[in-house]
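As a plain string of letters, each chain reads:
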Amino acid sequence: MKSRFFFLAALIGGCSLAASELTPAARGFFQKHCAECHDADAEKGKFRVDTLPADLDVSGATERWGKVVTRLEAGEMPPPKHERPPAADVDAVLGWAKTELAAAAKKRRAAEGRVSIRRLNRLEYENTLHDLLGIDTPLQELLPEDELADGFDNASKALSISPVHIQRYLDAAELALKAAIIRGPKPPTTTQRFSYDHKKEEGFMNHGNNKPMIRPRYDGEIMFFSEPHIEVPGQLIQFADVTKATPGHYKVRVSAYTFDAQDLSLTFAVRTTRSKQMLGYFDAPPDEATEPIEVEHAFGAGDTIVVAPYRLNQARGDRKFSQYPPKPWKEPEGLALAIQWIEVEGPLLDTWPPIGHHRLFGDVPLKPFKELPKDTLTPGEMGRLLRYSDKLTPVSEHPEADAKKLLADFLARAFRHAVTEDDVADYLKIVTAHLARKECFETSMMAAYSAVLCSPDFLFLVEEPGALNDRALACRLSYFLWRSAPDDQLRAAADKGELHRPEILRRETERLLAAPRSKAFVADFLNHWLHLRDIDATTPDKLLFPEYFSSVYNGTIDGLLRESVLAETRMYFADLLKSDGSLLQLIDSNFTYLNSRLAEFYGLPAVDGVAMRRSALPPDSVRGGVLTQASVLKVTSNGSRTSPVLRGAWVLDNIIGRPPPPPPPNAGSIEPDTRGATNIREQLNKHKNNETCAACHQKIDPPGFALECFDPVGQWRDFYRTTEVGTVVKKKYFETEAKYKKGAAVDPSGQTSSGQAFSGPKEFKQLALKQADVVARCLAAKLATYATGRRTEVSDFLALDAIVAHAKKQHYGLRTLIHEVIQSELFRTK
């Protein structure tokens, strides 16, 4: 066998440390623990330490040294069966390696920076235009879907651009600009009260399936004695007529109560039709209406609301009332949802003209199109529909001067940086060219504005190598925490050259986090980090898991339950963010967010009402932390069966930060056995017989086994549900017997790769909490990746360790961690 000294010499020779600076213990560490398995004679894992490049600038050097660091740091090398090196020796080696890798990376990034130029993704593009033009018009669906890289859709390497993108950007820009322009005088804000007992709602009220069980009463009140026919929901036609004439923001109030309640409060939903938005689920108080519920939404032309009872048929069935009309026919009786009236207030206007129109045309006077000179051209749709109408258009007496002024202000906002006269001149040429063709002022300006919104300066976040200037820093901060461009206050701090000062950056970070708009960060970050975006990627088997449905007959998913499981995770994270709660509570805690439906679903003590609220968990509860929340448990399942491999890999990647390598090509897959003939452990045994597979599965499987006691929709289980083999289950769902059988018992016990045993999720979570720094660094890395558009690498470990060390002083506070990420060099440099 070759001398183990070769590894030591290779390690020392290429670094800035002289051999004399390494302690004898360090030399002994490499000789004793590494070379035996990874030299020319052994080369286990096809990895040799005696040939590690001494020069970190050599191609592949960082990746190879990174493997050494990550395996040592994870305690995987030397293997558990070998003598474990002293922790102090490991720390000394890791400290050197991280320092050298960071120094090499800093030198390498000096010319181009760490982060590549990237364009705005669909969400950022839509949000930026909404803020710039003061509109609510949906735009994302007009654009090609963004790809994912490193778990996020704002990663620079995934945000390609093509001719298709440019055409779609043109379409989206045109739609957004049109939505910002006003065509008439300020519309009055009115309050109107509607009832379903109106001739315009006859199609709903008189439908053959609705009329027998949806009955009018006095003063326009109606009673739902059953849920409406699925094809004829209670959409309010009267309100659709209002929004068709005057789209905009409206407040909607609904006065409702539960008839013949007997201490029960029925639930109802309010959703929109064209925009397909769920506005919320609400409780109808027992026996008489109290305060009406109120929601606010931006309604497009012809959009309206639907009021829909929730699980009314089941509630009536529980009280022995039928959802079908009695025979011989008579008035239905018993439990019912009463809707007294619906009130609509709007359109709600903060300013007039709206901010978008003012940014496009300032104070340029408005005149009817028909008053334009006869030789003025209004091309396209405008020419066909508006040319001889009373609709208004901006008409400038000094078009070039006004265009120059308007463009200078618009470009500075759109480009998110200072603009020069040459920048303005380029777009002014577009305006003058259109004016020269006798086109009206509006169409000439719209041509220039469309070009602005499709230009690289708008579509891309451009940063120079080195420390970010204040304007680039403002953009990075705003797109991180608000998912949109900087507001006026943040722009002002950047324009003054103050934002790079740590105290000002911290002040603005705190302001952005405290604002309601930070909800965009919470929703989007969790959609990617925890994969909540995949909540509807699979549909559970309705025969195996009827609890997830509001009806197993037509396979309708329980909408309130779906909304509740997402709200639990988002509100839980937001709670920690607001209070600077310890991020370790993402692993385990004594509270969560619940409502009546979710508490029932989890089998926890009852919670009153559908409003989500912070709720203490029983001392013996297995819940607590995101690992045991239904949203995460569902997105890490396939709909019919759970997979310890899928869940285990998810935990390693998103919680521990040590993702397993991809499986080898011949690894095969495990098909779910819904019959119940075999359990998952038996199916996984074939992987353990393969040495290559076993090495990875020793790390992947334990977290997955710990979560096996949760089914694919997130409920606790003691046994697997099957469709063929098993004991008959005597339980009713929706007045029918359960269609599944009781299969094999679930075994959530296991042993971590380091040899620590656990009997279930509670013990596993306690083991995970012992790796507090590891969990914190994983989240810090995810936040840094999301904030910058570039994943962190082993050369960034030193910076991540510093972030975690600062957060640790504040008990790993989540808000503190975000502040430390933003103050770090990772965030403040390109």
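Just above, that's the structure.
Residues numbered from 1 in each chain as written. Predicted model: local features only at pLDDT ≥ 70, side-chain atom pairs only at ≥ 80, totals over all residues. Heavy atoms only, no water.

Caption draft 1: Fine view of empty space enclosed by the protein. On inspection of all chains with the given rule, the structure shows three cavities of 30 Å³ or more. Volume-wise, the largest cavity comes out at about 80 Å³. Class assignment of the residues belonging to the lining of the largest cavity gives a composition of four nonpolar, two polar and three charged. (1 Å grid on protein atoms, 1.4 Å probe; cavity = no way out; pocket = protein on both sides within 12 Å on 5 of 7 lines; lining within 4 Å. Points joined across faces, edges and corners; volume = space filled by probe spheres on them. Nonpolar A, V, L, I, M, F, W, Y, C, P; charged D, E, K, R; others polar.)

Caption draft 2: Representation of the packing of aromatic side chains within the structure. This structure, assessed with the given rule, holds 31 aromatic pairs. Between Phe-152 and Tyr-786 the ring centres are 5.4 Å apart and the planes differ by 55 degrees, which places this aromatic pair in the tilted class. In this pair, Phe-152 is assigned in the loop between helix 5 (122-133) and helix 6 (163-180) and Tyr-786 in helix 27 (residues 772-788), connecting sequence segments 634 residues apart. For the pair formed by Phe-152 and Tyr-786, the shared burial category is buried. On the numbers, 6.1 Å between centres and 45 degrees between planes, the contact of Phe-601 with Tyr-602 is tilted. You can call Tyr-602 buried: its relative accessible area is 8%. An aromatic cluster of at least three residues, connected via ring pairs, comprises Phe-152, Phe-480, Phe-521, Phe-525, Trp-529, Phe-573, Tyr-786 and Phe-827. The side chain of Arg-193 reaches across the aromatic face of Trp-341, ending 3.7 Å from its centre. Positioned over the ring face of Tyr-602 is Arg-623, at 3.8 Å from the centre of the ring. (Phe/Tyr/Trp six-rings, centres within 6.5 Å; stacked < 30°, edge-to-face > 60°. Helix = DSSP H or I, 4+ residues; strand = E, 2+ residues; numbered from the N terminus. Buried < 20%, exposed > 50% of the residue type's maximum accessible area, 1.4 Å probe, protein only. Lys NZ or Arg CZ within 6 Å of the ring centre and 35° of its normal.)

Caption draft 3: Here's a closer look at the nonpolar core. Phe-480, Leu-481, Phe-521 and Phe-525 are the most contacted members of the largest nonpolar core, which totals 113 residues. Ranked by residue count, the leading element in this core is helix 27, at 11 residues. Once you skip the residues sitting within four places of it in the chain, Phe-525 turns out to touch Phe-152, Leu-530, Phe-573, Leu-779, Lys-782, Leu-783 and Tyr-786. Core analysis: the next-biggest nonpolar cluster, separate from the first, contains 44 residues, Ala-180, Leu-360, Val-364 and Leu-406 among them. (Core = buried A, V, L, I, M, F, W, Y, C linked by side-chain atoms within 4.5 Å. Contact = heavy atoms within 4.5 Å.)

Caption draft 4: Layout of the sheet that holds strand 19 (residues 727-728). Strands sit in the order 18-22-19 across an open sheet of three strands; the sheet is antiparallel. Pairing within the sheet leaves two strands with one partner each, and these edge strands are strand 18 (719-722) and strand 19. One ladder, built from two bridges, connects strand 19 with strand 22 (residues 741-745); its direction is antiparallel. Along strand 22, the bridge assignment pairs Val-728 with Lys-741. (Pairing = 2+ DSSP bridges.)

Caption draft 5: Spotlight on the packing of helix 27 against helix 28 (residues 797-808). One can describe the packing of helix 27 onto helix 28 by two numbers: an axis separation of 9 Å at closest approach and a directional angle of 115 degrees. Crossing geometry of helix 27 relative to helix 28 is assigned as right-handed. Contacts between helix 27 and helix 28 involve Asp-773, Ala-776, Arg-777, Ala-780 and Ala-781 from the first element and Phe-797, Leu-800, Asp-801, Ile-803, Val-804 and Lys-808 from the second. Taken together, the residues that form the contact of helix 27 with helix 28 break down as seven nonpolar, no polar and four charged. (Axes fitted to C-alpha atoms, helices over the stretch in contact; angles between N-to-C directions. Left-handed = near helix turned anticlockwise from the far one by under 90°.)

Caption draft 6: Focus on the sheet that holds strand 9 (residues 305-310). The three strands are arranged 7-6-9 in an open sheet whose pairing can be described as antiparallel. For this open sheet the edge positions go to strand 7 (278-284) and strand 9, each flanked by a neighbour on one side alone. Sheet twist, expressed as the mean angle between neighbouring strand axes with direction ignored, is 25 degrees. Pairing geometry for strand 6 (residues 266-272) and strand 7, over six bridges, is antiparallel. When the bridges of strand 7 are listed, Val-270 appears paired with Gly-280.

Caption draft 7: Broad picture of helix 18 (residues 502-514). Taking 1.5 Å of rise per residue, 13 residues should cover 18 Å, and helix 18 covers 18 Å from first to last C-alpha, within 8% of that figure. Within the span of helix 18, buried status applies to Ile-504, Leu-505, Glu-508, Thr-509, Leu-512 and Leu-513. Taken end-on, helix 18 shows its buried residues confined to a sector of 165 degrees, consistent with a single buried face. The inward-facing, buried residues of helix 18 contact helix 16 (470-481), helix 17 (488-495), helix 20 (559-579), helix 29 (814-823) and helix 30 (825-828). (Expected span 1.5 Å × (residues − 1). Arc of directions from axis to C-beta.)

Caption draft 8: Quick look at the pattern of salt bridges. Applying the stated criterion to the full structure yields 51 salt bridges. Here Arg-476 ties to Glu-463 by a salt bridge, and the two come within 2.8 Å at their closest N and O atoms. Here the residue Arg-476 occupies a position in helix 16, and Glu-463 occupies one in the loop between strand 13 (460-461) and helix 16, the gap between them amounting to 13 residues. The burial state of Arg-476 is the same as that of Glu-463; both residues are buried. With its nearest N and O atoms 2.8 Å apart, the salt bridge here joins Arg-511 to Glu-508. With Arg-511 and Glu-508 both in helix 18 and three residues apart, the pair spans about one turn of that helix. Exposure remark for Glu-508: the relative accessible area of 0% places this residue in the buried category. Overlapping salt bridges, with partners in common, bring together Arg-109, Arg-114, Arg-790, Glu-793 and Asp-796 in one network. (Salt bridge = Lys/Arg side-chain N within 4 Å of Asp/Glu carboxyl O.)

Caption draft 9: Structural context of unusual backbone geometry. For the bond from Gly-346 to Pro-347, the omega torsion is -5 degrees, close enough to zero to count as cis. Mapped onto the elements of the fold, Pro-347 is located in the loop between strand 10 (336-346) and helix 10 (355-361). Pro-353 follows Trp-352 through a cis peptide bond whose omega is -5 degrees. Looking at the element boundaries, Pro-353 is found in the loop between strand 10 and helix 10. The phi dihedral of Asp-150 is positive, around 55 degrees, even though this residue is not glycine. Relative to the assigned elements, Asp-150 resides in the loop between helix 5 and helix 6.

Caption draft 10: Structural detail: the side chain of Arg-721. Mapped onto the elements of the fold, Arg-721 is located in strand 18. A distance of 2.7 Å separates the side chain of Arg-721 from the side chain of Glu-547, its partner in a polar contact. (Polar contact = N/O pair within 3.5 Å; in protein donor to acceptor, adjacent residues only side chain to side chain.)

Caption draft 11: Here's a closer look at a nonpolar patch on the surface. On the surface, a cluster of nonpolar side chains totalling about 210 Å² of accessible area is made up of Ile-161, Ile-166 and Leu-170. Positionally, Ile-166 belongs in helix 6. Among the residues examined, Ile-166 registers a relative accessible area of 34% and is labelled partly exposed. (Patch = residues over 30% accessible without salt bridge, like charges linked within 9 Å, V, L, I, M, F, W, Y side chains within 5 Å. Areas by Shrake-Rupley, 256 points an atom, 1.4 Å probe, with all protein chains shown as cover.)

Caption draft 12: Looking closely at the packing of helix 17 against helix 18. Viewed as axis vectors pointing N to C, helix 17 and helix 18 meet at an angle of 170 degrees, and their least axial separation amounts to 11 Å. Between helix 17 and helix 18, the interaxial angle falls into the category roughly antiparallel. Between helix 17 and helix 18, the contacting residues are Gln-489, Leu-490 and Ala-493 on the first element and Arg-507, Glu-508, Arg-511 and Leu-512 on the second. For the contact of helix 17 with helix 18, the residue count by class is three nonpolar, one polar and three charged. (Parallel < 35°, antiparallel > 145°, perpendicular 65-115°, else oblique.)

Geometry only, nothing functional implied.
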